[in-house]
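Listed here are the chains, written in short residue letters.
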Amino acid sequence: MKPIRIGFIGAGSLANAMHYPSLAEFEDAQIVAICDLNEQHLNATADKYQVDRRYTNYRQMLEQVDLDAVYVIMPPHHLFDIVIHCLQAKKHVFIEKPPGLTTYQTASFAELAAKNGCLTMCGFNRRFIPLLAQSKSLVEEQGPIIQCTATFLKYHTGGRYYNGAIDILTCDAIHAVDTLRWMGGEVRALASTIHAYESTFENSFNALIEFENGATGFLVTNWMVGRRVHTFEMHAKGISAFVDGDDCAHVYHGNQEAGRTITAQEAAGSDLRHKSYGFYFENRHFIDCIGQGCEPNTCFADAVKTMELVDRIYASRIC
Ligand SMILES: NC(=O)c1ccc[n+]([C@@H]2O[C@H](COP(=O)([O-])OP(=O)(O)OC[C@H]3O[C@@H](n4cnc5c(N)ncnc54)[C@H](O)[C@@H]3O)[C@@H](O)[C@H]2O)c1
C-alpha cells in the first residue's frame, strides 16, 4: 500500500517534540513537505527528517505537492485561514488543541470538513495516554464510571496567553475539560466557579458536573498554585483509579489494602515522552483512520462538543 502523504505547516517546538518523531516511525505515512515562516525552524526540521520540499508559503505547498493530509501546528490565533484553506483543498487535517479560538470557528471547520469529505483530528492527546486509557479500561471492566475528576494545576507567571489572543480555559485547561467528557460522557448540568487569583485575568476554572448518565464529574484547575500537576480520578462500583499521566496510576479494587501500581512507561512500553504522553498513539489513530476511511475519535465535530462545554463552564458561574 502507498504511504499516506503528509504535509506539515509549522515546525515549532511541540510539533518537533511530539508529532514529527511519531510520524517518522510509521511505515505507512511519509512526511513529504514542510512549511514554516521561520526558515531556521523550517530547515532544521526538514534536515532532521530529510524532507526536500520546503516552503514558507502554505498555499504554494498545497498547490505544488500532492498531499493526502496536512498537519497545521501553530498558535491558535493563526489557525483559522490555514485550516479553512486546507479543507477547501479537500485535505485531511490534524490540528493541536485548542481547535480554534471560538466554538464558532471550530463549528466552521467541522461543517466544511463534512461537506468536503475530509477526515479531521484535534490533538486531545490525554485520551491517548496509554496509562490513562488502561486505567479507564480497568475501571470500566467493573462497571460504568460513576464519578471522575480532572485536575490541572500550574504556577503560571507568564501573563496572558499569546499576549491575550486567547484565554487559559479555552487554550490549555481545555485538556481537562475534554478528558472529563471522555471519562463521563455528555453533560446534563453544571455549576462553575471562575476566579482571577493574584492576577488581572482569570486563571482558575472549577466545575461540578452532572453527566447525562447520572455520573458526577469535577473540574479542578488553577494556574496560580504550586507547580504543574495534571491528574485524573475514575471511580466505578468497587474500584478507584488515581492517575498521573506523568508518573503512575494507583488502582484500588474491592477494599484490598494494597492497590495495583502501573507506571506510565510500563503502560506505554516506552520511556519516550512522545509515547508515554499519548502523542505517538494519537498520530497512529489519525493515520489508521485515514487508511480505513473512518472519522477519528477527536474529529472536529467532536471538538465542537468540548468547545461547547467550555462555553457552558463560562455561562454557569455560581459567582
Ligand atoms: N497537546 C499539548 O499538550 C500541547 C502542548 C504544547 C502546545 N500545544 C499546542 O501546539 C500548538 C503549537 O504550539 P508551539 O508551542 O509548538 O508553537 P511554536 O510557536 O513553537 O511553533 C509554531 C510554528 O508555526 C510557525 N508559523 C506560524 N504561523 C505560520 C504560518 N502562517 N505559516 C507557516 N508557519 C507558521 C512558526 O514560525 C513556528 O515555527 C499550539 O496550538 C499549542 O496550543 C499542545
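To keep things clear, this report deals only with the structure shown in the data block. The structure presented is a predicted model; accordingly, all values stated were derived computationally and were not measured.

Before going further, it helps to spend a moment on the site of the ligand. Looking at the ligand, there are 24 residues lining it, with Leu 14, Asp 36, His 41, Glu 96 and Lys 97 nearest. Arg 126 is positioned such that a nitrogen or oxygen atom in its side chain is 3.0 Å from an oxygen atom of the ligand. With the chains in place, 79% of the 860 Å² that the ligand exposes on its own is no longer accessible. If you map the ligand onto the pockets, it falls in the largest pocket.

Below, the discussion takes up the pattern of salt bridges. Side chains that carry opposite charge are capable of pairing whenever their charged atoms lie near each other. According to the stated counting rule, one finds 16 salt bridges in the structure shown. One salt bridge in this structure joins Arg 127 and Asp 302, with 2.7 Å as the shortest N-O distance. Pair noted here: Arg 127 is in the loop between β6 (120–123) and α6 (130–142) and Asp 302 is in helix α11 (residues 300–315), with a separation of 175 residues, a long-range link. For the pair shown, Arg 127 and Asp 302 are each scored as buried. Arg 181 serves as the salt-bridge partner of Asp 302, at 2.9 Å between the closest nitrogen and oxygen. Here Asp 302, found in helix α11, pairs with Arg 181, found in helix α7 (residues 168–184); they are 121 residues apart in sequence, far enough to count as distant. We classify Asp 302 as buried; its relative accessible area is 12%. For Arg 181, a relative accessible area of 7% puts it in the buried group.

Note on placement: Ala 89 falls in the loop between α4 (79–88) and β5 (92–96). Judged by its relative accessible area of 33%, Ala 89 is partly exposed. The sequence separation of Ala 89 and Val 220 amounts to 131 residues, and the corresponding C-alpha distance is 40 Å.

On to the side chain of Asp 172. For Asp 172, the location among the structural elements is in helix α7. A polar atom in the side chain of Asp 172 sits 2.7 Å from the side chain of Lys 154. A polar side-chain atom of Asp 172 sits 2.6 Å from a polar atom in the side chain of Tyr 161. The residues contacting Asp 172, other than those within four sequence positions of it, are Lys 97, Phe 152, Lys 154, Tyr 161 and Trp 223.

Basis of the calculations
- Residues numbered from 1 in each chain as written.
- Predicted model: local features only at pLDDT ≥ 70, side-chain atom pairs only at ≥ 80, totals over all residues.
- Heavy atoms only, no water.
- Near = heavy atom within 4 Å.
- Polar contact = N/O pair within 3.5 Å; in protein donor to acceptor, adjacent residues only side chain to side chain.
- Areas by Shrake-Rupley, 256 points an atom, 1.4 Å probe, with all protein chains shown as cover.
- 1 Å grid on protein atoms, 1.4 Å probe; cavity = no way out; pocket = protein on both sides within 12 Å on 5 of 7 lines; lining within 4 Å.
- Sits in = over half its atoms within 2 Å of the grid points.
- Salt bridge = Lys/Arg side-chain N within 4 Å of Asp/Glu carboxyl O.
- Helix = DSSP H or I, 4+ residues; strand = E, 2+ residues; numbered from the N terminus.
- Buried < 20%, exposed > 50% of the residue type's maximum accessible area, 1.4 Å probe, protein only.
- Contact = heavy atoms within 4.5 Å.

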